[in-house]
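Descriptive analysis of the structure
The residues making up each chain are set out below.
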Amino acid sequence: MDFSKIIEIRNARSSRSAVPFRVFYAASSQCIAAGRELTQETVETNHTRLLERSVVITFVTHVEVYFKDMLDAIFRQCDPDFFRPKLRHLHNQKYGIDELLEIYERQIHPLELISGDVSFQSTASIDRVFSKFLGAGLWDTAINTRIRLPNQPKTEIKFEAEYLRCLERTFELRHNLVHNPSDAPHITDSVMNDIDFAQGLMLAADIVLLNMLAEHRDPQLETETQ
């Protein structure tokens, strides 16, 4: 394992807000705004395709960062009795004595090894990790979520199953843009609609995960804040 990468992840995380969705929404909204502008361009420049690729790749990166931060939030905020039984299913790597000494010297917490090693490069891998904490599929739970303004039933929003397909297509497009950039399609209104709905699904996922954090919050944290 690259322990330097874990230190980089730690430093990057400390520079972000403690509210993962707030960071994700601000950053992903910039991607959406840039992508919408590109779809309106009528003249292609030498850099147009690069900018188009950047919109999709950066959006997916922000999705991955959000889930990295939420996994870290589980380890920081939840009762250890809640998450410890799940750890062996997330990380079963064995370490040699040299690696253990480096872990000690770099003052890396064991939970950082787990969060640094988990991959969120597909909707399936995201679901696989967080379903272990939820006891149900993350996406299935998110899709069944409904939200509305207080005392305003007409404002109710239902997250549709199509939103997940939008996120899946965005992940697939990102893969193609990285590995086969010359064959990748241009950004279109359809691509941007997928990203819009994917951002909406992320809101539903955040609601589900925040409810889980609240339900399993570490009682010790409450004691420390009193």
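Here we summarise the structure given alongside this text. Note that the structure is predicted; figures quoted are calculated from it, not measured. (Residues numbered from 1 in each chain as written. Predicted model: local features only at pLDDT ≥ 70, side-chain atom pairs only at ≥ 80, totals over all residues. Heavy atoms only, no water.)

One can describe the packing of helix 2 (residues 20-40) onto helix 3 (residues 48-77) by two numbers: an axis separation of 9 Å at closest approach and a directional angle of 170°. Relative to helix 3, helix 2 is oriented roughly antiparallel. The segment helix 2 lies against helix 3, with P20, F21, F24, A27, S28, C31, A34, G35 and L38 engaging L51, E52, V55, T58, F59, H62, V63, Y66, D69 and M70. Split by residue class, the contact of helix 2 with helix 3 holds 13 nonpolar, 4 polar and 2 charged. (Axes fitted to C-alpha atoms, helices over the stretch in contact; angles between N-to-C directions. Helix = DSSP H or I, 4+ residues; strand = E, 2+ residues; numbered from the N terminus. Parallel < 35°, antiparallel > 145°, perpendicular 65-115°, else oblique. Contact = heavy atoms within 4.5 Å. Nonpolar A, V, L, I, M, F, W, Y, C, P; charged D, E, K, R; others polar.)

Once that is clear, we can look at helix 7 (residues 123-134). If you check helix 7, its first and last C-alpha atoms are 16 Å apart, about what 12 residues at 1.5 Å a residue would give, namely 16 Å. Of the residues making up helix 7, those classed as buried are T123, S125, I126, V129, F130 and F133. Projected onto a plane normal to the axis of helix 7, the buried residues spread over an arc of 165° and lie on a single side. The secondary structure elements touched by the buried residues of helix 7 are helix 3, helix 4 (80-90), helix 8 (138-143), helix 9 (161-179) and helix 10 (189-215). (Expected span 1.5 Å × (residues − 1). Buried < 20%, exposed > 50% of the residue type's maximum accessible area, 1.4 Å probe, protein only. Arc of directions from axis to C-beta.)

Attention shifts here to helix 2. When the terminal C-alpha atoms of helix 2 are compared, their 31 Å separation across 21 residues agrees well with the 30 Å that a helix rising 1.5 Å per residue should span. Among the residues of helix 2, those classed as buried are P20, F21, F24, A27, S28, C31, I32, G35, L38 and T39. Along the long axis of helix 2, the arc covered by the buried residues comes to 150°, so they all point the same way. Within helix 2, the exposed residues directed more than 90 degrees away from the buried face are R22, Q30, E37 and Q40. Close packing links the buried residues of helix 2 with helix 3 and helix 10.

With that settled, consider the nonpolar core. Core analysis: the biggest nonpolar cluster contains 53 residues, and F67, I74, I126, F130, F133, L138 and W139 have the highest contact counts within it. With residues up to four places along the chain from it excluded, the contact list for F67 reads F120, I126, F130, L138, W139, M202, A205 and L209. (Core = buried A, V, L, I, M, F, W, Y, C linked by side-chain atoms within 4.5 Å.)

What follows covers the packing of helix 7 against helix 10. It is at 11 Å that the axes of helix 7 and helix 10 come closest, and there the two elements cross at 35°. The handedness of the crossing between helix 7 and helix 10 is left-handed. Between helix 7, through F130, F133 and L134, and helix 10, the contact on the second element is made entirely by V208, L209 and M212. Class assignment for the residues of the contact of helix 7 with helix 10 results in 6 nonpolar, no polar and no charged. (Left-handed = near helix turned anticlockwise from the far one by under 90°.)

What follows is about the packing of aromatic side chains. Counting across every chain of the model gives 14 aromatic pairs. Judged by centre distance (6.4 Å) and plane angle (90°), the rings of F21 and Y66 are edge-to-face. Residue F21 is found in helix 2, and its partner Y66 is found in helix 3; the two are separated by 45 residues along the sequence. Overall, Y66 belongs to the buried group, its relative accessible area being 1%. An angle of 50° between the planes, with centres 5.4 Å apart, marks the rings of F67 and F130 as tilted. In this pair, F67 is assigned in helix 3 and F130 in helix 7, connecting sequence segments 63 residues apart. With respect to class, F67 is no different from F130; both count as buried. Taken together, the aromatic side chains of F21, F24, Y25, F59, Y66, F67, F120, F130 and W139 make up a single cluster linked through ring pairs. (Phe/Tyr/Trp six-rings, centres within 6.5 Å; stacked < 30°, edge-to-face > 60°.)

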